[in-house]
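Descriptive structure summary
These are the residues of each chain, in order.
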Amino acid sequence: MTIKSALLGAAAGIAAIGAAQAADLPMTKGEAVEYVKVCSAFGPGFFYIPGSDTCLKIGGEIRADYRAFGGDRVGINTAPTSINNVLTNVGQNRNDDRSAFNTQARIWFDARTETDWGVLRSYFQINADSHPISAQGRGGTYNGNTFTIDKAFIQFGGLTAGYAHSFFGFYDNEYGDTIWAPYYAETSTVNLIAYTAQFGGGFSATLSIEDGRDHRVNDVGLDSTVLGFGNSVDINLQGGQQLPDVVGQLRYDASWGSLAVQGALHQLRSPETVDVTATLGGNTGTLSIPTTHDNKYGFAIGGTALIKIPVIDGGHFIVEGQYADGATEYLGVKNSLGTLIGLSDLFPSSIGPGGISGYDTTKGWSIVAELGGNITPQLNANLVGSYIDVKADGILRNVAPGIDISLKEYSIAGNLTYTIVKGLSVAGEVSYTHTKQEVGIGPLGSLDGSANSWQGGVRLKRTF
């Protein structure tokens, strides 16, 4: 009992000493945990970045594509293209892919802050492809993983600055509902700075200064393997940029639809020398030809009309057309298949004793139309048709009878998209494209060819 009493007394003494010491320690208060809060000012999906008044939305997609290709070409002297954007001898080429798969991941960040001067927004999207497929296939080239910036821009009030869709037209940016099929309209994302003024009553106007290098068409080359010569020639016809492109748009939006007219001014500037690179018998060399210092100005004008179909959920009919002289990128010419000699906004018109002494521009027009809507709440359908006609007249007319290059192409596509559950859909599309390219050499005749291309496939898409 004595030992037991002693132990209990010692324990009680230790506890009393610890309590007294604890009472002397300073009291500390745990820091408050700052939880993520929902931001309802800009719609669903936004939340406040902790410690700030900025709302952020993070989203993304996974796209799994499975595609098949086919087609044929007509013309003894040449075929303007293969179905995979690769020039080969007339007929099918076993190097062309007839099927191809690709998976693409997309992620985007949309940050917005309310300020005394309006909403400050920044948007960024990056795309990653496992093995990207060109518009008409891979042409036998198995491309590796790629990462690309889709958009990166700042908006503040009416200002837009950064890497954004061109303000020429709005069909591709707001509709453009093909899955893979090409169409002919302005489809480029470019570096720009623009201001949009809202006038009320649905009227707005935009003035955009855009990098002219993003709007260049300078793809001049001749793959003479199609002629059986076994050589190729590439020509650079444009120099450095001096002035950016100026793009303007006047738009009217109403409950029934929208109307817009747009225009662009594009500078064409000859280089110090025209470099001609040729491959002959496996050997490659470059010849520099003196050229006159020449500045020309191309332009493009266009219009867009959207009609909403109220009896169909999301129902719409939209048509967009444009004409260009020396600014054919605005027509969507880069989406075409024609590659016999290639297209350029600037071609030599004459050669003198000192080299190239004159230039002419390429002209053309294009149109695209789309009809679409939701057949049921889960099933969406779209039908898209497009046509382009581009021509360069009188190339080198003082040293030859004059070379005329002509490209005419149309494409039609239809697709269905079924939403399995929210965020998961499966889509199928079939399309057909017909290309005709002519190279006329005055009374000497012409090198004409045409191509028929089709493609079909299925896409599984998960959006979050």
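The rules behind the values
Residues numbered from 1 in each chain as written. Predicted model: local features only at pLDDT ≥ 70, side-chain atom pairs only at ≥ 80, totals over all residues. Heavy atoms only, no water. Core = buried A, V, L, I, M, F, W, Y, C linked by side-chain atoms within 4.5 Å. Buried < 20%, exposed > 50% of the residue type's maximum accessible area, 1.4 Å probe, protein only. Helix = DSSP H or I, 4+ residues; strand = E, 2+ residues; numbered from the N terminus. Contact = heavy atoms within 4.5 Å. Polar contact = N/O pair within 3.5 Å; in protein donor to acceptor, adjacent residues only side chain to side chain. 1 Å grid on protein atoms, 1.4 Å probe; cavity = no way out; pocket = protein on both sides within 12 Å on 5 of 7 lines; lining within 4 Å. Points joined across faces, edges and corners; volume = space filled by probe spheres on them. Phe/Tyr/Trp six-rings, centres within 6.5 Å; stacked < 30°, edge-to-face > 60°. Salt bridge = Lys/Arg side-chain N within 4 Å of Asp/Glu carboxyl O. Disulfide = S-S within 2.5 Å.

Some thoughts on the nonpolar core
In terms of nonpolar packing, the biggest core is built from 35 residues, with Ala300, Tyr330, Val333 and Phe347 touching the most fellow members. When residues in this core are grouped by element, the largest group, four residues, is from strand S21 (residues 379-395). When sequence neighbours within four positions are dropped, the list of residues in contact with Val333 reads Val217, Thr328, Leu343, Ile388, Val390 and Leu407. Within the second largest apolar cluster, ten residues are counted, among which are Tyr175, Ala260, Ile318 and Val384.

Some details on the side chain of Thr361
Within the secondary structure, Thr361 is located in strand S19 (residues 355-361). By relative accessible area, Thr361 is classed as buried at 15%. A polar contact of 2.5 Å, which involves the side chain of Thr361, links it to the side chain of Asp325. Thr361 has contacts with Leu268, Lys296, Asp325, Gly326 and Asp345, leaving out every residue within four places of it along the chain.

Focus: empty space enclosed by the protein
Following the criterion strictly, the structure yields two cavities of 30 Å³ or more and no others. As for the largest cavity, its lining consists of Gly212, Arg213, Arg216, Gly240, Gln241, Gln242, Leu243, Asp245, His266, Gln267 and Arg269.

Structural notes on the packing of aromatic side chains
Throughout the structure, instances matching the rule amount to ten aromatic pairs. For the pair Tyr123 and Phe153, a centre-to-centre distance of 5.5 Å together with 25° between the ring planes defines the contact as stacked. Taken together, the residues span a long stretch of sequence, with Tyr123 in strand S4 (residues 118-129) and Phe153 in strand S5 (residues 146-156) at a distance of 30 residues. Owing to a relative accessible area of 14%, Tyr123 belongs among the buried residues under this scheme. Since its relative accessible area comes to 11%, Phe153 is described here as buried.

Things to note about the pattern of salt bridges
Here the structure, examined in full by the defined rule, presents eleven salt bridges. Where Arg459 meets Asp65, a salt bridge forms, and the shortest distance between an N and an O atom there is 2.7 Å. Taken together, the residues span a long stretch of sequence, with Arg459 in strand S24 (residues 446-463) and Asp65 in strand S2 (residues 54-74) at a distance of 394 residues. By the burial criterion, Arg459 is buried, and Asp65 matches it.

Here we look at the environment of Ser406
Position of Ser406 relative to the elements: it lies in strand S22 (residues 403-421). Along the backbone, Ser406 and Lys391 are 15 residues apart, and their C-alpha atoms lie at a distance of 4.4 Å. Beyond its immediate chain neighbours, meaning those up to four positions away, Ser406 contacts Val390, Lys391, Lys436, Gln437 and Glu438.

Some points on the state of the cysteines
This model, assessed by the stated rule, comprises one disulfide. Disulfide partner of Cys39: Cys55, at an S-S distance of 2.1 Å. Residues Cys39 and Cys55 are joined by a disulfide whose S-S torsion is about 80°; by sign, that bridge is right-handed. One end of the pair, Cys39, is in the loop between helix H1 (2-24) and strand S1 (47-48); the other, Cys55, is in strand S2, with 16 residues separating them in the sequence. An identical accessibility class is assigned to Cys39 and Cys55; each is buried.

Section: the environment of Asp53
Of note, Asp53 is situated in the loop between S1 and S2. Linking Asp53 and Thr115, residues 62 residues apart in sequence, is a C-alpha distance of 9.7 Å. Sequence-distant contacts of Asp53, defined by excluding residues within four places in its chain, comprise Tyr48, Arg112 and Thr113.

Treat this as a map of the structure, not an account of what it does.
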